[in-house]
Each structure stands twice: as C-alpha cells, then as structure tokens.
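# Topology and contacts: notes
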Amino acid sequence: MSKVDLALVGAHVRTLDPERPSAEAVAIARGQIVAVGSNAEIRELGAAAETVDLGGAVAVPGLTDSHIHPLQGALDTRGADLRDLTSLDEVRDAVAAERRRCGPDQWVLGYGLEYGVFQETGIRGDLFEDVTEGSPALLTFMDLHTAVATPRAFELAGVTGSRSFSENAEIVCRDGAPTGELREWAAVATVERAMPESTDAERYALHAAALRAHAASGLTGGHAMDGTLATLDLLRELEANGDLVQRFVVPFTIVPESGADDWEALIPHRDACGRRWRAGVAKFFIDGVIDTGTGWLYEPDTEGEGTLPFWPDPSHYRRAVSTFAAAGFQCATHATGDRGVREALDAYREANAAPLRGRHRIEHIETLQPQDLPRFAAEGVVASMQAQHMLWCEPDRSDNWSRRLGAERSAPGRAFPIRSLRESGALVALGSDWPVVRFDPRLGLSAARLRRPPGERERRPYDDEALDGLAALEGYTTAAARTIGEEDRLGRIRPGFAADLTVFAEDPVDSDPDDLPALPVVLTVVDGEVVYRAEL
Ligand SMILES: [Zn+2]
C-alpha cells in the first residue's frame, strides 16, 4: 500500500507558510498534508494512490467562509431567484414565471429581494396579487431579515393585524391592516406556519446539493452561523453518508426568549464533533439590519428608527454571553449598528472569559463609533466582515443603507471599516453570509479588494478601505483559522496541517480583482478528499 493517498504535482503552491512560502507539489495521507516541496521531492516519497498533475495551476490553502449559513441557506433559497433584480416589473415577471412553474394551489416562493425595488411603492404584498393569480406567496429579502407576503398568504395564515413579539419583530400595518411587510423572523414565521412542510428527504437533498455547489466554488469549509441540537444530527447524517464535503464549526443560536435552563441544556454539547465538524460556539443577534431600521443605533436613523435592540432586555443578552463564555464557548454576536457593536464588545469584556478555542467575535460591524474601533485589537475580539454586503452602497451615499445612517455614520472609516480594523491590529475574517449574498469566495475576495461590483471599472469604490490581494486571501484562510483557534491545523499548506486546499487556474492574489469571479476552480480538496474537480 502506498504511503501517500494523493500527490498534487506541477503546481504553483502558495502555502501562506512563512517557513516555505512557495512550492511545486504537496503529498497528502489520511486527510493530512505530509509533505510540501519540489516535484522531485514529492515523487521521491514513492507512488501515490493518486497523482494529479496540476499543469501550472495555483494551489492555496482551502478557502473558509467565516460567516455562512450552509444548511439553513439551502432551505432559504427555494423558489424564484430575485437577486440582482432592480425594478418592480422585473420582480413581478420573475414571480409570475415562478407561479407558472408551481402547481395551482402551491405557495409561490422567492428570495433575494432588494429594498430599492420598493423605493416608490413601499413594501406591499398586494403588488404581487395579480401575478400570483390568487396563490399565496412569500418573498424574502436578500438579508433574510424581512419578507413580503401577499394578502392570500395572510388569509391562509390567519394574520389580520399587528401582533406583539418577544423579540424586535413586526407585522407592519397601515390603518390596522397588514401591508405585507414582515420584519424579522418571528413575524415571517407567522406566515410560514401556514405553508406545507417539506419532507426530511427533500430537505436532505437540498442540503447535500448545496454543499457540493460550495465545493465547486472553491470553498473547503465555513463558520456556520446558525444551529441547534438538530443541526448536529444532520451533520452526523451528512458525514455518515459521505455528503459532508465541507468542514464546519457550528454554533447554537441563542434566542432572546431562551433562559438559563435552555442554556444549561446546551452546555454539555460544547465538544460535540465529527471528523469534519465541531460545536463549541454560541451565536447571538443583538440587532437586525440597517436597511429596515432594526440595526441598533445610538441615535435614530433618518427615518426615526434603529433605537431598539433585538433582545428587548439587553441585560439578558449579557447574562447569556457570560454563561456561555464561562462554559468555554466562543461567542459570536451579529451587530450591524454602532450601539449593537459596543454592546457586544461590552458584553464580552464583562464576561471576562476567553473561549476554549478561538476568540469572541462580532459579525458585520457595518457602522461603529470611532472610539470602539481600537477595542477589537486591544480586547482580542475578531472582526468578522462581509465585503459583499456593501456592493449595494453608492459612494455618493444615495443608497438606502447610507441614507438611513446619514453622512456621519456612513462616513469613511466608520462604514464597513475593513482595512481600518485590519490596520488597527484586529483579526479580520472574511465571509459571505450566504444566502444573503452569493457564497462564491471569488466574489468575496473580489469585493474585499474592490468595494464595488466587479466589472464596473468606472464606478468609484465605497471609500478607501480596500484590502490587497494577499490580505483578502488571508481573510479566507489564516485569519479564518485563527478566529476559531485552529491556526496550528488549518489555513496554511504545511506538513501536519489538515489537507484542505483550493486550486485555481491562476493565482487569486495576483489576479485582477475584476477578473476574479471568472477565475476557474481546478480542484477542491477537503480532508484529503477531492470534493470537486473541473472537467478538463
Ligand atoms: Zn448571518
């Protein structure tokens, strides 16, 4: 039997290992990198079970998305793809086409709506009543914090007016009647409950297909951002069936209505793991999104909103953070607004307990107060950033996000301050937040380097906060590994490290960032297994 399972030769290997920054070949055995060197050195190890000549392609450490919803996302992207549609007519056409695809009484679903579509009409469900021909419809926005339902959907769900929720959610009403807009999940769920449930087998197939698609884009894993005990069972099932073609860290989502008993029940599962996944993270939302006024701000936004936290009692959030931090969990908090960011930083400081693995982290950080920026480096909190979220933003601040915040809070250095945070010494991890935006890491790398959509070369970037090619790659590799405390095992191509590699036709660091989205993925290797191979 050969000692080497997989030999990759004839490559340009960018290892991100300071001791040997570049090489030609890599040998892999039992899921680990066992040698990195010249083609001759790797061939000297003896014949491998499989040898792939990469013909000059470029291997980098496996790309890890530091903020992704890999399982839930597969369920949230059913129905019409409404992403990138910018006019109400286009959306109505897409919904009409989806209606024709569906059975007569079937729910019409769609995802990826942009807020700008409703600039003139406001968000209203009746705008889709004719194109859905009386079928119920539920369309979600790109950030998944908001949805719009048609009158028929409300009728089936028995929703006739506003309700109160234990979190900052709202069935938006005008003159006492629902407009169709549903803010935050609790409100969306009132309508979702009326939808027929899909079967376990249907859901499993969606999950498995999504993970294959992730592998094909060059991803080798991610920091999942939602989860329950049931998620761990799903991961076990995927792994047992050979369908877990990504490596994940998976959190427990801690909701505001949970209490000390619920938290205690999760703590014994801290070290739950499989070969390619583990638990050990607690995920919180301290706020929602700037675009609808649910991001938590010190001063109201220009629509008079944004002053409410997602947890009605923030001290309850701090207690939850302290409980999980004291139990060794890594805490991750979604915070988009300046107040949300500071409350999360304060909660971590008050908890005063480092996680067993990695560091506490804040997700998104879309705007912050200048005095809070140095706290990330000083207090060892990871800044988990998603550059694709700002591709909707216009440098002249005419977009919904910038207008909501106003000039001061969307000012350079405060709006998505990715490079400022990095230069301050903070650990900056990059991710997509799929299904909020596309999961493709080439788009994420491109967005971090351009701060404008790729291909729109005449458009100015949103502020001088772009990363260079190497810093962007580090955000998806070494920084992702350090974030979860696995820098001695992941994020570099080095003997003894896990065999997670991504191979591109050309170097993603030297590539023109406008061309990155089209850069072919040649091979994706996870845990020593080839999980994607381009047809050559
Ligand atoms: Zn998210």
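As a starting point, this report considers the structure included with it. (Residues numbered from 1 in each chain as written. Predicted model: local features only at pLDDT ≥ 70, side-chain atom pairs only at ≥ 80, totals over all residues. Heavy atoms only, no water.)

Let's shift gears to the packing of aromatic side chains. Under the criterion given, the structure shown has 16 aromatic pairs. Residues tryptophan 185 and phenylalanine 285 carry aromatic rings whose centres are separated by 4.7 Å and whose planes lie at 75° to one another, so their mutual orientation is edge-to-face. Of this pair, tryptophan 185 sits in helix H5 (residues 185-192) while phenylalanine 285 sits in strand S17 (residues 277-285), and the two are 100 residues apart along the sequence. Ring geometry for phenylalanine 252 and phenylalanine 329: centres 6.4 Å apart, planes at 45°, overall tilted. (Phe/Tyr/Trp six-rings, centres within 6.5 Å; stacked < 30°, edge-to-face > 60°. Helix = DSSP H or I, 4+ residues; strand = E, 2+ residues; numbered from the N terminus.)

This brings us to the pattern of salt bridges. Per the counting criterion, the structure on display carries 50 salt bridges. One salt bridge connects aspartate 17 with arginine 494, and the closest N-O pair in it is separated by 2.8 Å. Of the two residues, aspartate 17 sits in the loop between strand S2 (12-14) and strand S3 (22-23) while arginine 494 sits in the loop between helix H16 (478-483) and strand S22 (501-504), which places them 477 residues apart along the sequence. The partner of arginine 183 in a salt bridge is glutamate 170, with the nearest N and O atoms 3.5 Å apart. Here glutamate 170 lies in strand S13 (residues 170-174) and arginine 183 lies in strand S14 (residues 177-183), a separation of 13 residues in the sequence. In this structure glutamate 170 comes out as partly exposed when scored by relative accessible area, which is 34%. (Salt bridge = Lys/Arg side-chain N within 4 Å of Asp/Glu carboxyl O. Buried < 20%, exposed > 50% of the residue type's maximum accessible area, 1.4 Å probe, protein only.)

Before going further, it helps to examine the side chain of aspartate 287. Inspection of the secondary structure puts aspartate 287 in the loop between S17 and helix H9 (314-326). Here aspartate 287 sits buried without a salt bridge, and the closest side chain of opposite charge, lysine 283, lies 9.6 Å off (N-O distance). Reaching out from aspartate 287, the side chain makes a polar contact with the backbone nitrogen of tryptophan 296 at a distance of 2.9 Å. Within the structure, aspartate 287 has its side chain in polar contact with the backbone nitrogen of threonine 336 (distance 3.0 Å). Apart from the residues within four sequence positions on either side, aspartate 287 is in contact with Thr294, Gly295, Trp296, Phe310, His334, Ala335, Thr336, Gly337 and Gly340. (Lys, Arg positive; Asp, Glu negative; His and termini not counted. Polar contact = N/O pair within 3.5 Å; in protein donor to acceptor, adjacent residues only side chain to side chain. Contact = heavy atoms within 4.5 Å.)

Attention shifts here to the coordination of the zinc ion. At this site the zinc ion is bound by His67 (NE2), His69 (NE2) and Asp433 (OD), with donor distances of 2.1 to 2.2 Å. Within one chain, the residues serving as donors to the zinc ion are arranged as H-x1-H-x363-D. Here aspartate 433 lies in the loop between strand S21 (428-430) and helix H14 (441-450) and histidine 67 lies in strand S8 (residues 63-68), a separation of 366 residues in the sequence. (Donors = N, O, S within 2.8 Å, 3.2 Å for Na, K, Ca; no water.)

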